[in-house]
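# Fold and contact review
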Amino acid sequence: MGAVLQVRNLAIDVAARRVLSDASFTVGAGDKVGLVGRNGAGKTSLLKVLAGDDDAAGGIVLRRGTLGYVPQNPRPRAEAAAGLAQGASITYTALSHILSGRGLDRAAARLAELHRGLEHDHSLASIELYSTAEERYRLDGGYSSESDARRLATGLGLRLDRVDLPLSVLSGGERRRVELARVLFADADLLLLDEPTNHLDSDAKTWLMDFLRDYRGAVIVVSHDLGLLDTSITRVLHLDAGRLIEYRGTYSQYQQARRLEERRLTSLTHRQEAEIKRLSLLAEVMRRQTEKRAKQAKSIFTRVERMKSQRVV
Ligand SMILES: Nc1ncnc2c1ncn2[C@@H]1O[C@H](COP(=O)(O)OP(=O)(O)O)[C@@H](O)[C@H]1O
Ligand SMILES: [Mg+2]
């Protein structure tokens, strides 16, 4: 399979301010991409646009295949939708929500309802109804999916006994983990994960990164824990001052390249400062000599001013 995401000349505005200009990159099937940049650089804004939740100010975003998106701050829309489902049925548990990632929640909820019905109604008809539904569920791989879903939830640090509770009784932090589990369970071709390790303890962080390492689909992840993914990362996109710079290779190769780049800039700055100082002194001396020299000094001052304005910092 080819690219799951193609981005060309993308521009993004947030509150009438350009946070990204002229970004182009391609994500292939199964690629693991780290998106980095300081706070406020625009990572969240970029993922929102890639997910189709926000409009771009210019350029093209082409996605192919299915998408899984975990925003940094849960969308009110998703929360509201989950709330509606909870209201409709008490059987809408955390497990149901995870299973809904593959549309399996309805079958599971129906089965649970029929099972509860058996407690009051021991008639042959309802026993038969239940066993038919149960067989169908088993044949459809419902149980193995359930155990996959439980594994995901507990991997992310949710206690096993919380998985069967209605979503509504879970804490915000637990719901966030359930939502992350639902997106991972859906097995999309492209995952966009915005700081998914926030609020996870260190075991869950490691578990998540191991999961992503073996993930079948492509992943773009913003995280302070990219070191845990290191050699699985095929590319790092660095967002800095409105520009997206692409580094090919693992995360530690990216860090190495950044260190070299910073060292190069530092030594360039040192050399520039030395040159500015040397020329300023020279011009200062020449200024007090002959008229001709004073004139030369003036042009040197102009050069120094130009160098100062073009400083690399
Ligand atoms: N709703 C908003 N209204 C105004 N400015 C915003 C809003 N959301 C984000 N910003 C600004 O947009 C810029 C990019 O933010 P964001 O994409 O959240 O960056 P990051 O995820 O890299 O920390 C920041 O300067 C931030 O202050
Ligand atoms: Mg962010």
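See above for the structure.
So, here is what we can say about the structure in this document. (Residues numbered from 1 in each chain as written. Chains lettered and ligands numbered in written order. Predicted model: local features only at pLDDT ≥ 70, side-chain atom pairs only at ≥ 80, totals over all residues. Heavy atoms only, no water.)

Spatial strand order, β5-β6-β7-β3-β8-β9: 6 strands in an open sheet with mixed pairing. Among the strands making up the open sheet, the edge pair consists of β5 (67-70) and β9 (243-248). If you compare each strand with its neighbour and ignore which way they point, the axes differ by 15° on average. Across 4 bridges, β5 lies against strand β6 (residues 190-194) in parallel orientation. Pairing of L67 across the sheet is with L190, part of β6. (Pairing = 2+ DSSP bridges. Helix = DSSP H or I, 4+ residues; strand = E, 2+ residues; numbered from the N terminus. Axes fitted to C-alpha atoms, helices over the stretch in contact; angles between N-to-C directions.)

Most peptide bonds take the trans form, and the phi angle of most residues other than glycine is negative. Phi is positive for D22, close to 50°, though the residue is something other than glycine. Residue position: D22 is located in strand β2 (residues 17-28). A positive phi is found at A241, a non-glycine position, where the angle reads about 50°. Secondary-structure assignment places A241 in the loop between β8 (235-240) and β9.

Right, let's talk about the environment of R213 for a bit. Mapped onto the fold, R213 is located in helix α8 (residues 202-213). The sequence separation of R213 and L229 amounts to 16 residues, and the corresponding C-alpha distance is 6.6 Å. For R213, the residues in contact, after removing those within four places along its chain, are K32, L228, L229, T231 and S232. (Contact = heavy atoms within 4.5 Å.)

On to the side chain of S223. Positionally, S223 belongs in the loop between β7 (218-222) and β8. A distance of 3.3 Å separates a polar atom in the side chain of S223 from a polar atom in the side chain of T197. Here D225 takes part through its backbone nitrogen, which lies 2.8 Å from a polar atom of the side chain of S223. If near-sequence neighbours (up to four positions away) are discounted, S223 is found in contact with L35, T197 and M209. (Polar contact = N/O pair within 3.5 Å; in protein donor to acceptor, adjacent residues only side chain to side chain.)

We describe a pair of aromatic rings using the distance from one ring centre to the other and the angle between the two ring planes. Evaluated as defined, the whole model comprises 5 aromatic pairs. With 5.1 Å between their ring centres and 90° between their planes, Y137 and Y143 make a pair best called edge-to-face. With centroids separated by 5.0 Å and ring planes inclined at 80°, the aromatic side chains of Y247 and Y254 adopt a geometry described as edge-to-face. The exposure class assigned to Y254 is buried, which follows from its relative accessible area of 8%. Aromatic rings pair up to connect W207, F211 and Y215 into one cluster. (Phe/Tyr/Trp six-rings, centres within 6.5 Å; stacked < 30°, edge-to-face > 60°. Buried < 20%, exposed > 50% of the residue type's maximum accessible area, 1.4 Å probe, protein only.)

This part is about the coordination of the magnesium ion (ligand 2). With distances of 2.0 to 2.2 Å, the protein atoms coordinating the magnesium ion (ligand 2) are T44 (OG1) and Q72 (OE1). Pair noted here: T44 is in helix α1 (residues 43-51) and Q72 is in the loop between β5 and α2 (76-88), with a separation of 28 residues, a long-range link. The class for T44 is partly exposed, based on a relative accessible area of 21%. Judged by its relative accessible area of 26%, Q72 is partly exposed. (Donors = N, O, S within 2.8 Å, 3.2 Å for Na, K, Ca; no water.)

With that out of the way, let us pick up the nonpolar core. Ranked by internal contacts, the top residues of the largest apolar core, which has 47 residues, are L99, L184, L191, L193 and L212. Mapped onto the domain boundaries, this core takes at least three residues apiece from domain 1 (3-66 + 188-249) and domain 2 (76-174). Once you skip the residues sitting within four places of it in the chain, L212 turns out to touch K32, L184, L191, L193, V219 and L229. With 27 residues, the next largest nonpolar core counts V4, V19, V27 and V222 among its residues. (Core = buried A, V, L, I, M, F, W, Y, C linked by side-chain atoms within 4.5 Å. Domains from an automatic or database assignment.)

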